[in-house]
Amino acid sequence: MGKIIYKTDEEVELMRLSSLLVGKTLAEVAKIIKPGVTSLELDKLAEEYIRDNGAIPGFKGLYDFPNTLCTSTNEAVVHGIPNNKPLVNGDIISVDCGVLMNDFYGDAAYTFQVGEVKPEIKKLLEVTQECLRRGIEQAVHGNRVGDIGYAIQQHAEENGYGVVRELVGHGLGRDLHEEPQVPNYGKRGQGVQLKEGMVIAIEPMINMGKRNVRQHDDGSTIITTDGLPSAHFEHDVAIKKGKAEVLSTHEYVEEVLKNKN
Ligand code: MG
Ligand code: MG
């Protein structure tokens with residue numbers, strides 16, 4: 001376990017730029033998502049866009065991961081490897097993207113609908129997004145990591161969903177994964193205290209069925225044990241007094257999605 005690395009205001013501004021580029025990259029991906037497209041095509045587009053903007057893909061080569069995006073469809077939770085299989089109407093796909101720019105990482109994820117998705121799956125996506133919002137609300141100076149996890153877990157379980165425990169959010173900075181760990185479950189008032197200068201990635205992974213997951217034979221992808229779908233949304237957040245400051249954004253993505261429909 002390393003120790004928490006606090007960021008100066010200048011460093012937070014650099015991280016905002018990295019996080020913003022992730023948001024814009026996800027929006028580029030959003031533009032081309034439809035039935036028939038492959039996750040490798042999404043990956044190629046994302047890598048080009050990131051490099052064109054003077055950054056490098058944050059995940060590629062890290063922990064031996066081969067690609068720019070983690071693309072996880074349906075029962076895949078996270079860490080999916082882009083492949084040549086065309087997306088199918090009704091799929092959902094979590095696209096997780098990291099960039100490294102000016103020595104700092106940005107890291108954010110969005111779960112997209114492919115074509116027309118069943119209402120119960122739409123609900124899973126909405127609830128997971130709301131989990132993220134509620135987690136962010138708790139990410140303020142003086143609170144504890146457990147307050148974030150508690151807020152996320154409460155909302156997910158109220159809706160009958162399972163909260164993945166094996167994978168968690170994390171501190172973020174010059175390394176993609178820094179202290180502290182930020183679980184999506186927990187108890188109020190417990191865990192590491194949040195302080196100004198911390199930057200964390202909050203990333204609920206919520207399963208439609210049971211919380212249990214396992215690793216796929218590919219050695220990377222995490223999938224639900226019951227085969228039911230899972231959703232994943234992620235933001236980078238700077239801890240401040242009074243109100244969390246979200247450094248990443250889904251606004252560009254949502255702008256694209258609005259104009260698609
Ligand atoms: Mg991520
Ligand atoms: Mg992350």
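Coordinates for the structure precede this section.
Only a predicted model underlies this, so the values are computations on that prediction, with no experimental measurement involved.

Enquirer: Even after reading the chapter, I still don't get the overall build of the protein, so can you show me in this structure?
Expert: When helices and strands are counted, the protein shows five helices and 15 strands. Computed over C-alpha atoms, the radius of gyration of the protein comes to 17 Å, within 12% of the 18 Å expected from 2.2 N^0.38 for 261 residues, which places it in the range of a compact globule. The long-range share in the protein, meaning contacts at least 24 apart out of those at least 6 apart in sequence, stands at 70%. Summing over all exposed atoms, the protein offers an accessible surface of approximately 11,700 Å²; the carbon and sulfur share of this is 48%.

Enquirer: What is the right way to read the sheet that holds strand 10 (residues 205-207) from this model?
Expert: In any sheet, the strands associate via hydrogen bonds between backbone groups, in a parallel or an antiparallel arrangement. Strand order in the open sheet formed by three strands is 6-10-13, and the pairing between neighbours is antiparallel. The open sheet has two free edges, formed respectively by strand 6 (162-163) and strand 13 (230-232), since each of these has just one partner strand. Judged from the three bridges that link them, strand 10 and strand 13 form a sheet pairing that is antiparallel. Bridge pairing links I206 to A231 in strand 13. Against the sheet, helix 3 (residues 119-137) makes contact with strand 10 and strand 13, and its axis sits at roughly 40° relative to strand 13, the strand it touches most.

Enquirer: So what exactly am I meant to see when it comes to the packing of helix 1 (residues 9-32) against helix 2 (residues 39-52) here?
Expert: A pair of packed helices is characterised by two quantities: the angle between their axes and the separation of those axes. Two elements in contact, helix 1 and helix 2, have axes separated by 9 Å at closest approach and are oriented at 140°. Looking at the two axes, helix 1 sits oblique to helix 2. Our pair here, helix 1 against helix 2, has a crossing hand that is right-handed. Touching L21, K24, T25, E28, V29 and I32 of helix 1 are E41, L42, L45, A46, Y49 and I50, all from helix 2.

Enquirer: What am I meant to see in the packing of aromatic side chains here?
Expert: How two aromatic rings sit relative to each other is given by the distance of their centres and the angle of their planes. Scanning all chains against the criterion turns up two aromatic pairs. Relative to F112, the ring of Y110 has its centre 4.8 Å away and its plane inclined at 45°; by these criteria the two rings are tilted. The residues Y110 and F112 share a single accessibility class, namely buried. Seen from their ring centres, Y110 and F233 are 5.0 Å apart, and the 80° between their planes marks the pair as edge-to-face. Taken as a pair, Y110 in strand 5 (residues 104-113) and F233 in the loop between strand 13 and strand 14 (235-238) lie far apart in primary sequence, 123 residues in all.

Conventions and cut-offs
- Residues numbered from 1 in each chain as written.
- Chains lettered and ligands numbered in written order.
- Predicted model: local features only at pLDDT ≥ 70, side-chain atom pairs only at ≥ 80, totals over all residues.
- Heavy atoms only, no water.
- Helix = DSSP H or I, 4+ residues; strand = E, 2+ residues; numbered from the N terminus.
- Rg over C-alpha atoms; globule rule 2.2 N^0.38 Å.
- Contact = heavy atoms within 4.5 Å.
- Areas by Shrake-Rupley, 256 points an atom, 1.4 Å probe, with all protein chains shown as cover.
- Pairing = 2+ DSSP bridges.
- Axes fitted to C-alpha atoms, helices over the stretch in contact; angles between N-to-C directions.
- Parallel < 35°, antiparallel > 145°, perpendicular 65-115°, else oblique.
- Left-handed = near helix turned anticlockwise from the far one by under 90°.
- Phe/Tyr/Trp six-rings, centres within 6.5 Å; stacked < 30°, edge-to-face > 60°.
- Buried < 20%, exposed > 50% of the residue type's maximum accessible area, 1.4 Å probe, protein only.

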